[in-house]
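# Structural description and commentary
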Amino acid sequence: MKAFRLLSAAVFLGTCTAPAQTYTKEVSRIIQQKCQQCHRPNDIAPFALMNFEDASTYAPDIKRVVGERKMPPWKPADEGSAPFQDNFNLSAEERRTLLSWVDAGAPKGDDADLPEAAPVNASPWELGEPDLILSMPEFTPPRAADTYRCFVLPTGLDETRYVSASQALPGDKRQVHHVLLYIDQTGESAKLDGKDGQPGYSCFGGPGIELTIGGLLGGWAPGARTRHLPDGIGQVLPGKSRIVMQVHYHPGGRTAPDQTKVGLWYRAANKVEKRLVNIPLINQTFVLPPGESNVVVKASQVVFPFLTGKAILIAPHMHLLGRTIKVEVKDADGTVRPMINIEDWDFNWQGFYTFGEAVKLPAFSTVWLTSSYDNSANNPRNPNNPLKAVRWGEGTEDEMCLAFLGVVFDNESFLPFRSGSTK
Ligand code: HEC
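A few points on the structure. Note that the structure is a prediction, hence the values are computed from the model and not measured. (Residues numbered from 1 in each chain as written. Predicted model: local features only at pLDDT ≥ 70, side-chain atom pairs only at ≥ 80, totals over all residues. Heavy atoms only, no water.)

### Brief notes about the environment of A389
We count it as follows: Helix numbering and strand numbering both begin at the N terminus, where a helix is a DSSP run of H or I of at least 4 residues and a strand a DSSP run of E of at least 2. The contact criterion used is simple: two residues touch if any of their non-hydrogen atoms lie within 4.5 Å.
Positionally, A389 belongs in the loop between β18 (366-373) and β19 (390-391). Counting along the chain gives 52 residues from A389 to R337, while the straight-line C-alpha distance between them is 34 Å. Setting aside anything within four residues of it in sequence, one finds A389 in contact with V287, L288, P290 and N375.

Below, the structure written as C-alpha cells:
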C-alpha cells in the first residue's frame, strides 16, 4: 500500500512537470489499437482517425464521446464481467490520456515518436482463405432507415461439417452494421426468400424461422476479430442445410448496393472432440407493462450433473426497450462468478464475446440472467406510440430476454464413437 502511494505521488509529480502527452507518442498508439479498426477509410465509422490531422480535427468530439463513454462501442462493463478476449475498451489510463491530450490543446509532438503503421492484411479474410465462401445476391438497402434483412444461403454441402470459425465480409462497410448467422435445417427460410420482390426477407429480432438448439452459428460486428474455436472444438453444420444471414444496415447517408459474404473455416472431423452448442438462456413469458420504466426480468438454468461443461462465449440479446443485462453463475456453495454485465444496452452494438478463460459450469450451479427494460414514453427508443404491454416476439415492437451461451459439455466425446477416424 505504502509503495503504491509513493508511486502515485511520483506519477502525480511527473504529470505536473513533464510535457503534455502528445499525439505522436501516446495518443496515436491508443487510437491505433482502440479506434482504427472502425475509423479508417471506407469502414463503418463516419470519419477516419488515421493521422494527426484527423485526430486534431475531431479532438473536441473525441473528448465528448470518450468522456461520455460512447466510444469505443465496447458494451460489457469491466466490473461484473469475466475477462474477454480482444476487449477494445479503453483502460482508465488510456481514457485519461485522451482527455488530457485534448485539454492540453491536442499537441502533435515529434514525428520520430510515431508508431509503425498497423500492418494491413493482404487478404480481407482474417484467417486466410476460408474453406467455404457464401455470398448473398446484391441488395440495395433504403437510404434513410435502419434495415434488418435475412438472406438465404444454401451451403451446397451434402455432409456434416464442423465449423471452427466464421467471418462476415461486408460488401459495403459503411452500411453493414452487424451480421448474425443462423442454420436452417428445414428449408423454411427458402419459402420466405424474395416474397416482397427483393432478395431475402425482412426480419428483426431473429431469423423469422423456427430454430433448433445450436441453430445460431455466429455473429459479426465491426471491430470484432475472427478467431478459431479452441482445439478439439467444432460447431456442427449439418449437410443440406442453409445459412440464414441477417444483416443490419445502418443508413450511411448514401444509396449503394451491398453484397456481403460469409467465410467458414472447417475443422476436420477427426480433430473434433466436442461440439460447441449455442444454448439460449431465455425467458419467454414476461410482460412489460406500458409506462413502466424499470421492469426487471430474470431467467435461470440449473446445471445438472450430466450437463456440466464450460462456456466459451456469450451473446446477450434484447431489443429496443432493453436497458441492462447481466449473466452470472451461482455455484452450489453460494459463490457468484461473473460472466457479463452490460449497463447501457444498445441493440445496435450486440456482440459475441469470447471469454479469456472458459467459465466452468459445474453440477448444481445455476446460470442467472437479470435484465431490465424501460417501457415508458421517456425511453427515446420506445417503438410503441401509443404505449402498449410488450411481450416476447421477433418484431421491432416486441422484446426478448435472452443470452446465448456457447457451451461445450464435459461428458461429450465424439472421437471414440467414430470408427476409423482417430488415426
Ligand atoms: C467498433 C467500431 C468503432 C470503434 C472501435 C470506435 N468507433 Fe467511433 N464510431 C463508430 C461508428 C459506427 C460511429 C457513428 C455513430 C454510431 O453509429 O454510433 C462512430 C462515431 C464516433 C464519433 C462521432 C460521434 C458523435 O456523437 O459525434 C467520434 C468522435 C468517435 N466515434 C470517436 C472514436 C474514438 C476516439 C474511438 C477509439 C477510442 C472510437 N471512436 C472507436 C465506430 C467505432
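### Overview of helix α4 (residues 59-67)
Keep this limit in mind: Under the scheme applied here, a residue whose accessible area is under 20% of the maximum for its type counts as buried, over 50% as exposed, and between as partly exposed, the area being computed with a 1.4 Å probe on protein chains only. Think of it as the arc spanned by the lines of direction from the helix axis to the C-beta atoms.
Within the span of α4, buried status applies to A59, I62, V65 and V66. Down the axis of α4, the sector holding all buried residues measures 130°, keeping them to one side. Positive phi shows up at R69, right after α4, with a value of about 60°.

### Quick word on helix α2 (residues 23-34)
For clarity, the cut-off: For a helix, the expected span equals 1.5 Å multiplied by the residue count minus one.
With twelve residues, α2 should reach 16 Å at 1.5 Å per residue; the first-to-last C-alpha distance of 14 Å falls well below that figure. All of the buried residues in α2 are Y23, T24, V27, S28, I30, I31 and K34. Each buried residue of α2 sits inside an arc of 165° when the element is viewed along its axis, so together they form one side. Buried residues along α2 sit in contact with α3 (52-57) and α5 (92-103).

### Some points on the coordination of the iron atom of the ligand
This is how it is decided: We call an atom a donor if it is N, O or S and sits within 2.8 Å of the metal, or 3.2 Å for Na, K and Ca. Water is not counted, so some sites may look partial. In these descriptions, tetrahedral denotes four donors with every angle between 85 and 135 degrees, square planar four donors and octahedral six donors with opposite donors over 155 degrees apart and the rest between 65 and 115, and irregular any other case.
Distances from the iron atom of the ligand to its protein donors, H39 (NE2) and M71 (SD), fall at 2.1 to 2.3 Å. Geometry at the iron atom of the ligand is octahedral, judged from the six donor atoms that bind it and their angles of 85 to 179° at the metal. Taken together, the positions of H39 in the loop between α2 and α3 and M71 in the loop between α4 and α5 put the pair 32 residues apart, joining distant regions of the chain. Among the residues examined, M71 registers a relative accessible area of 26% and is labelled partly exposed.

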